[in-house]
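Structure assessment
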Amino acid sequence: MSPKKPYQKRLPTVLPPAPRRAPAQETVRPPPAPPRARRTPPVAPPPDTAPEAAPADPRPQAPGAAPAPQPTAAAAPVAPTAPPPTPAVPPPADSPNDSASARPGSPRRRTTALVAAAVVGVLAGGVLAWQVVGPGEPPRAPASLPIDGWPIAGESRAVTEVLAGGDLEVTHWIHSERPIDELGLTLPELDGAEVSATDVEVTADGRPASGPGTVAGSGTTYTFAGSTRIQVRYRMSGAVQLSSSAERRGLATTTSLDVTATQARDVRVVRSEEVLSLACAAPDEQPEPCGQATGNDQWRVELDDTDAGSRVLAVVTVPS
């Protein structure tokens, strides 16, 4: 071994480097886990479907060895999570047009009323037009009398039944306040119509009156002893004019003969298969709607002493 050189003797002894401290490492935090969705509590399985416990391992265990892991029971099925409820969407607001159409009185709600057609009857080669009572024309109040049977004193009633073919069967009940001994029947004067009355029967207080069974053109008078209750029956022909456009539709230009011994209150009733309307015509005046229906087959009107001479017309369906 060679001796050390002088400069080698002066070198300091090299010590091993001191251990350095490991640099700090930056810790990265994991992102927060999302909140667990609320689940419906698991439904317990029925007793007969519960899983059976696995049998213990029969093999002996070596001393000091860790026990063999036992199989765990199968986890109960978890009910599926119910979907979140769908938010209710408010209905769209009605547009101005929709709200206007829903208002009462709008065109969609408005119902158009049907008006009865005018009825035309031919008289004296001309046209007699008149219509049924409108909503603004209040009908005359119906009489308080029964339709059939005797009226009270001072009142009279005439019931006209339209027969097949257009003939009329008329019955008058006259109840006078004072005794009378004669009664006159006269055919109405209708231009272009030939009216006749046959099968005339007049009774006074239950006794037949003296007179012919047919009313003459100039009129006929029937006499009897002083009586207060007089009944007149007859059959009238030629008073109903059939329509040329509507089948079985007819206009009765008059519904009874002119009768004397007029009372202060006179009720007229017209019956047929169908009675559509009545009109009253004072002498030398145009017919005006009058009366009211008491059923599809009957109309009635009450006349007072100021209307005693009025003629009653009827629009009817003639029985076949």
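As the structure is a prediction and not an experimental result, all values here were calculated from the model.

What follows concerns the overall build of the chain. Helix and strand content of the chain: two helices and 16 strands. A burial count over the chain gives 30% of its 320 residues as buried.

The next point concerns the state of the cysteines. Each disulfide is one covalent bond, formed between the sulfur atoms of two cysteines. The final tally for this structure, using the stated rule, is one disulfide. Each sulfur of the disulfide joining C280 and C290 lies 2.1 Å from the other. Around the S-S axis, the bridge from C280 to C290 shows a dihedral of about 85 degrees and counts as right-handed. Residue C280 is located in strand β12 (residues 274-281), and its partner C290 is located in strand β13 (residues 288-290); the two are separated by ten residues in the primary sequence. Neither C280 nor C290 differs from the other in exposure class; each is buried.

Turning our eyes to something else, we now look at the confidence of the model for the chain. Chain-level statistics for the chain give a pLDDT mean of 73 and a share of 54% at 70 or above. Contacts from residues 71-80, a stretch scored under 50 in pLDDT, to residues over four places away or in other chains number six contacts. Segment residues 89-146: pLDDT under 50, and 67 contacts once partners within four positions in sequence are set aside and those in other chains are kept.

Here we take up the pattern of salt bridges. Scanning the model with the defined rule gives five salt bridges in all. Across the pair R248 and E273 runs a salt bridge whose closest N-O atoms are separated by 3.1 Å. Here R248 is found in the loop between β8 (240-242) and β9 (249-252), whereas its partner E273 is found in the loop between β11 (265-271) and β12, with 25 residues between them in sequence. Overall, E273 belongs to the partly exposed group, its relative accessible area being 43%. Between R265 and E302 there is a salt bridge, and its shortest N-O distance comes to 2.6 Å. With a gap of 37 residues between them, R265 in strand β11 and E302 in strand β15 (residues 298-304) connect regions that are remote in the sequence. What makes R265 buried here is its relative accessible area of 18%.

Below, the discussion takes up the sheet that holds β12. Pairing is antiparallel across the open sheet formed by five strands, whose spatial order is β8-β9-β16-β12-β13. Both edges of this open sheet fall to β8 and β13, since each of them pairs with a single strand only. Put simply, the sheet's adjacent strands are angled 30 degrees from each other on average, direction ignored. As defined by bridge partners, β8 adjoins β9 across three bridges and the pair is classed as antiparallel. Its bridge partner lying in β9, L242 is registered against G250.

The next point concerns the environment of R229. Mapped onto the secondary structure, R229 falls in strand β7 (residues 220-237). The class of R229 is partly exposed, set by a relative accessible area of 37%. Separated by 49 residues in sequence, R229 and I180 have C-alpha atoms that sit 9.0 Å apart. Once you skip the residues sitting within four places of it in the chain, R229 turns out to touch W150, I174, H175, T203, A204 and D205.

The subject of this paragraph is the pairing of strand β14 (residues 292-295). Look at any regular strand and the pattern is simple: side chains alternate between the two faces of the sheet. Alignment of β14 against β15, held across three bridges, turns out to be antiparallel. If you follow A293 over to β15, its bridge partner there is W299. Here β14 hands over to β15 after two residues, the two strands then running antiparallel side by side.

Cut-offs and rules
- Residues numbered from 1 in each chain as written.
- Predicted model: local features only at pLDDT ≥ 70, side-chain atom pairs only at ≥ 80, totals over all residues.
- Heavy atoms only, no water.
- Helix = DSSP H or I, 4+ residues; strand = E, 2+ residues; numbered from the N terminus.
- Buried < 20%, exposed > 50% of the residue type's maximum accessible area, 1.4 Å probe, protein only.
- Disulfide = S-S within 2.5 Å.
- pLDDT = per-residue confidence, 0-100.
- Contact = heavy atoms within 4.5 Å.
- Salt bridge = Lys/Arg side-chain N within 4 Å of Asp/Glu carboxyl O.
- Pairing = 2+ DSSP bridges.
- Axes fitted to C-alpha atoms, helices over the stretch in contact; angles between N-to-C directions.

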